[in-house]
Amino acid sequence: MIKHVIVYFYKIFKKDRATRLEIYDIISQYIFNGFGFLIIFLMSLMVVFLFWNSMQFIFSPYAKDLFLHTLWNPTGDKPVFGILSMLYGTFLLSCITLIFTFPLGLMISILISTYFSRKLQDSLKFFLEIFTSLPSVVMGFLGLIFVAPYLIKMFHFDSVMNIFSTALILTFFLLPSVISMLLEILNSVSPLMKEAAIALGSSKLEVVIRIVIPSTIRGMVMILLFILSRILGETMIILMISGNSLEFPMTLFHSTRTITSTMAIELGEVVNQSLHYHALFALGSILFAISSVFQWLIKHFERKRI
Amino acid sequence: MINRHTMFFLRKKCFNFFGLSLLWIAFILFFTVLLFLFGFLFKEGSGVFSLSFLLDNPKNAMMEGGIYPAIVGTILSTLLASLLACPLGLLIGVYLSEYSDRRGFLYSIMKGIISNLMAIPSIVYGLFGLALFVYFLHLGRSLLSSGLILGFLVLPYIIILVEEALQSIPISIRECSISLGANKIYTIIKILIPYAFPRILTAFILGISRAAGETAPILLTGVVYSLSHPSYAFNQPFMSLPFHIYVLSTQYPNLEAVKPIIFGSVLVLLLFIFFLNLIAVVIQSSLESRRS
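How do you make sense of the overall build of chain A when you look at a structure like this?
Helices and strands together make up the secondary structure of chain A, namely 12 helices and 2 strands. The order of α-helices and β-strands along chain A, N terminus first, is α-α-β-β-α-α-α-α-α-α-α-α-α-α. Taking 19 Å as the expected radius of gyration for a compact globule of 306 residues, we find that chain A reaches 27 Å, considerably beyond that expectation. Expressed along its principal axes, the backbone C-alpha trace of chain A runs to roughly 90 × 75 × 35 Å. Out of the 306 residues in chain A, the part that is buried amounts to 51%. Restricting to contacts in chain A with at least 6 residues of sequence separation, those with at least 24 account for 71%. A total of about 15,100 Å² of accessible surface is found on chain A, and carbon and sulfur atoms cover 69% of it. Computing the positive centroid from 22 side-chain charges and the negative centroid from 16, chain A places the two 11 Å apart.

Dropping the structure here:
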């Protein structure tokens, strides 16, 4: 019976080109649909692996220290897993980097978008695009050989590795991408509004400050969130320059360690399936959750922009 | 005599002058520092750069010799990543652009997932690779696990760019093809993909150049400190240029002694990545000039 059906279809398949093409079409549709679902599968695989591996830590009695303790001592006799000092270090670092990056990026992109010709803008954008793909390890190395020695000469810091110098290097690392995103946002304002304001007697700078920036305020918030999420996920620069000390960072000129660099340092020598291993996966899950929230907020601000 | 009008214009002039000079100061500061840093990097690096530096194995605990194993490792892991990410990215991009219902619920969920995957820190990808490839699938800390996780890392970028490339094709071309009797798969293979091919190629190249510079994921899934010979085996650990730079610049007590080697490695990595980016940009600009 089945053999007859197969032979029947095979005969049609051989003889009739139109049917053959139709069958190809139907098969390819199923194949492409399958590949589309692969992306959902990949995401769920990631969530499952991260949370499943951190489960054993989350249900252990040590998990309650996570947001209550400043001490991170996973290998002691009485292990303590507190990430408050890491979170505070990340917070300080984000604040300083934001204070440097955002105004500087805004100023440069205002200058480029308002005063430069279209051709010069395009070539500068091309130049910046190349620098956006710069590996962070190169930037970390530059920070190590330039910023740190000069800073120690200028300000007489106790240690070269501190939050301030990390923030400086992060600023230079993030500025190219921030500027090229800001340029896109500033150029998206309709020229009608700008021309109307110029006709009423405002100068170019006044147009930018009074018209362009207020009308793109959602885009600006998006950029702020983008910078924050990049700092949160950045590993190599912070690992190389911030000094990785586990103490609570009292001032800006103390060394710190973030969640990402803790994972990078300790996963190399951790015993497989130990409590420490699961705790590091819990850190990864926290990072995953925070970056998802940031991404959701960025989408939210992006969608409402008109 | 100063009346209200003169005051107003004076204030305006001052505001403009100081504002503009502030903007110029920021601009000049940023670009001078950027050019200075990279000029210095290229100057120092080109002093070390030679054929024997590229093709020698490291000697004397990596203080001397070349970086050949690291170059081989970088190229192989990038190649593996692109073998995974390029076909998969093309297929999923075609699905999102052509087969999915672009106003539907499923499409918005998929777009949300892709942008979420793009935003996840690269170290979390490393963690995922450690759990999935190294321990669950028993691939061990090896070139294969690192290449696969780099592929997953660049997959969302390639998907987004491929989808954009296909969406930039005018609808009239699709309609024309269907009106001549071609079905959907025929239209995609024979019309749409060749039409968008330069932009798809750009997407692949940008993805590959991103995979070449990542350090954090391979740090957890199989890169090693030093090898005396280049390793071509997929189930063995490997050396990689970004990790080489990281190790030399942080783990050695005497930074001055290894500085030339770091400068050379940085130059090789930068040349590799900038070259790929340049190809992408040239393809893009030649395409634009052809269309217009």
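Next comes the rest of the description.
Looking at this model, I keep getting lost on the overall build of chain B. Mind explaining?
From N to C terminus, chain B includes 12 helices and 2 strands. Taking 292 residues into account, the globule formula puts the C-alpha radius of gyration at 19 Å, and chain B, at 25 Å, lies well above it. Projecting the C-alpha coordinates of chain B onto the three principal axes gives extents of approximately 75 × 75 × 35 Å. For chain B, buried positions account for 53% of its 292 residues. Considering only intrachain contacts with a sequence separation of at least 6, the fraction spanning at least 24 residues in chain B is 74%.

Teacher, can you tell me more about the interface of chain B and chain A here?
Interface size is commonly expressed as the accessible area that is lost once the parts come together. Counting residues at the interface gives 76 residues for chain B, matched by 77 residues for chain A. Between chain B and chain A, the buried area comes to about 7,200 Å², and carbon and sulfur atoms account for 85% of it. The largest per-residue losses of area from chain B upon contact with chain A belong to Leu23, Phe30 and Leu127 of chain B, which jointly make up 9% of the total buried on that side. Between chain B and chain A we count 1 salt bridge in total. Between Glu206 of chain A and Lys12 of chain B there is a salt bridge, and its shortest N-O distance comes to 3.4 Å. Here chain B is connected to chain A by 7 residue pairs in polar contact (both at pLDDT 80 or more). No other element matches the 20 residues that helix H1 (residues 4-48) of chain B contributes to the side of chain B that touches chain A. Class assignment for the residues of the side of chain B that touches chain A results in 61 nonpolar, 11 polar and 4 charged.

Help me understand the packing of aromatic side chains in this model?
Geometry of an aromatic ring pair is reported as the spacing of the ring centres plus the angle between the planes. A full pass over the atoms with the stated rule returns 33 aromatic pairs over all chains. Considering the side-chain rings of Tyr62 of chain A and Phe81 of chain A, the 6.0 Å spacing of their centres and the 75° angle between planes classify their relative orientation as edge-to-face. Of this pair, Tyr62 of chain A sits in the loop between helix H2 (17-58) and strand S1 (72-73) while Phe81 of chain A sits in strand S2 (residues 80-81); the two residues are 19 residues apart in sequence, bridging distant segments of the chain. Relative to Phe30 of chain B, the ring of Phe172 of chain A lies with its centre 5.8 Å away and its plane at 15°, an arrangement referred to as stacked. Here Phe30 of chain B lies in helix H1 and Phe172 of chain A lies in helix H6 (residues 163-187), a pairing that spans two chains. In this pair, the class of Phe172 of chain A matches that of Phe30 of chain B, namely buried. Taken together, Phe116, Phe127, Phe131 and Phe172 of chain A together with Trp24, Phe27, Phe30, Phe31, Phe38 and Phe274 of chain B form an aromatic cluster joined through their ring pairs. The cationic tip of Lys184 of chain B hangs over the ring face of Tyr99 of chain B; the distance from NZ or CZ to the ring centre is 5.0 Å.

Is there a simple way to think about helix H4 (residues 105-119) of chain B in this case?
In an α-helix, one full turn covers 3.6 residues, which means residues spaced three or four apart are oriented alike. With 15 residues, H4 of chain B extends 21 Å between its outermost C-alpha atoms, agreeing within 8% with the 21 Å of an ideal straight helix rising 1.5 Å per residue. When we look at burial in H4 of chain B, the residues that qualify are Tyr107, Met110, Ile113, Ile114, Ser115, Asn116, Leu117 and Ala119 of chain B.

Would you take a moment to explain the nonpolar core for this structure?
As a rule of thumb, nonpolar side chains are buried together in soluble globular proteins. Formed by 183 residues in total, the largest nonpolar core has its most connected members in Met139 of chain A together with Phe38 of chain B. If one sorts the elements of this core by residue count, H6 of chain A sits on top with 15 residues. The contacts of Phe38 of chain B, once residues within four sequence positions are left out, are Phe131, Leu134, Met139 and Leu142 of chain A together with Leu270 of chain B.

I keep staring at unusual backbone geometry and nothing clicks. Help me out?
Note: most peptide bonds trans; most residues except glycine with negative phi. All names here are of chain A. Residue Gln273 is not a glycine yet carries a positive backbone phi of 65°. Here Gln273 is to be found in the loop between helix H11 (259-266) and helix H12 (275-304). Gln273 gets classed as partly exposed once you look at its relative accessible area, which sits at 43%.

Honestly, the environment of Leu93 of chain A in this entry has me stumped. Any pointers?
All names here are of chain A. Tracing the sequence through the fold places Leu93 in helix H3 (residues 84-115). Look at Leu93 and you get buried, because its relative accessible area is 1%. Between the alpha carbons of Leu93 and Ile237 there is a distance of 12 Å; along the sequence they are 144 residues apart.

What is the right way to read the side chain of Ser97 of chain B from this model?
Residues and elements named next belong to chain B. Residue position: Ser97 is located in helix H3 (residues 68-99). On the accessibility criterion, Ser97 (6% relative accessible area) is buried. Excluding its chain neighbours within four sequence positions, the residues that come into contact with Ser97 are Arg102, Glu163, Leu166, Gln167 and Arg174.

Sorry if this is basic, but what is going on with the confidence of the model for chain A here?
Low pLDDT means the predicted coordinates in that region are not meant to be read closely. With 97% of its residues at a pLDDT of 70 or more, chain A shows a mean pLDDT of 86. Looking over chain A, one finds the lowest element-wise mean pLDDT in helix H1 (residues 2-15) of chain A, namely 78, and the highest in H3 of chain A, namely 92.

Explain the environment of Gly105 of chain A to me, please; I cannot follow it from the model alone.
Following the sequence through the fold, Gly105 of chain A ends up in helix H3. C-alpha of Gly105 of chain A to C-alpha of Met139 of chain A: the two residues are 34 residues apart in sequence and 18 Å apart in space.

Looking at this model, I keep getting lost on the pattern of salt bridges. Mind explaining?
Opposite charge on two side chains allows them to pair when their charged atoms are near. Residues and elements named next belong to chain B. In this structure the tally under the stated criterion is 8 salt bridges over all chains. For Glu214, the salt bridge is made with Arg210, and the minimal N-O distance between the two is 3.4 Å. Owing to a relative accessible area of 28%, Arg210 belongs among the partly exposed residues under this scheme. Among the charged side chains, a salt-bridge network with shared partners connects Arg102, Lys111 and Glu163.

How should I be thinking about helix H5 (residues 136-155) of chain A in this particular structure?
If you look at H5 of chain A, its biggest bend is around 40°, right at Gly143 of chain A. Of all the 20 residues making up H5 of chain A, 14 are buried; the element is thus mostly covered by neighbouring parts of the structure.

Scoring rules and cut-offs
- Residues numbered from 1 in each chain as written.
- Chains lettered and ligands numbered in written order.
- Predicted model: local features only at pLDDT ≥ 70, side-chain atom pairs only at ≥ 80, totals over all residues.
- Heavy atoms only, no water.
- Helix = DSSP H or I, 4+ residues; strand = E, 2+ residues; numbered from the N terminus.
- Rg over C-alpha atoms; globule rule 2.2 N^0.38 Å.
- Buried < 20%, exposed > 50% of the residue type's maximum accessible area, 1.4 Å probe, protein only.
- Contact = heavy atoms within 4.5 Å.
- Areas by Shrake-Rupley, 256 points an atom, 1.4 Å probe, with all protein chains shown as cover.
- Lys, Arg positive; Asp, Glu negative; His and termini not counted.
- Charge placed at Lys NZ, Arg CZ, Asp CG, Glu CD.
- Buried area = accessible area lost by both parts, 1.4 Å probe.
- Salt bridge = Lys/Arg side-chain N within 4 Å of Asp/Glu carboxyl O.
- Polar contact = N/O pair within 3.5 Å; in protein donor to acceptor, adjacent residues only side chain to side chain.
- Nonpolar A, V, L, I, M, F, W, Y, C, P; charged D, E, K, R; others polar.
- Phe/Tyr/Trp six-rings, centres within 6.5 Å; stacked < 30°, edge-to-face > 60°.
- Lys NZ or Arg CZ within 6 Å of the ring centre and 35° of its normal.
- Expected span 1.5 Å × (residues − 1).
- Core = buried A, V, L, I, M, F, W, Y, C linked by side-chain atoms within 4.5 Å.
- pLDDT = per-residue confidence, 0-100.
- Bend = angle between axes of the 7 residues up to and from the residue.

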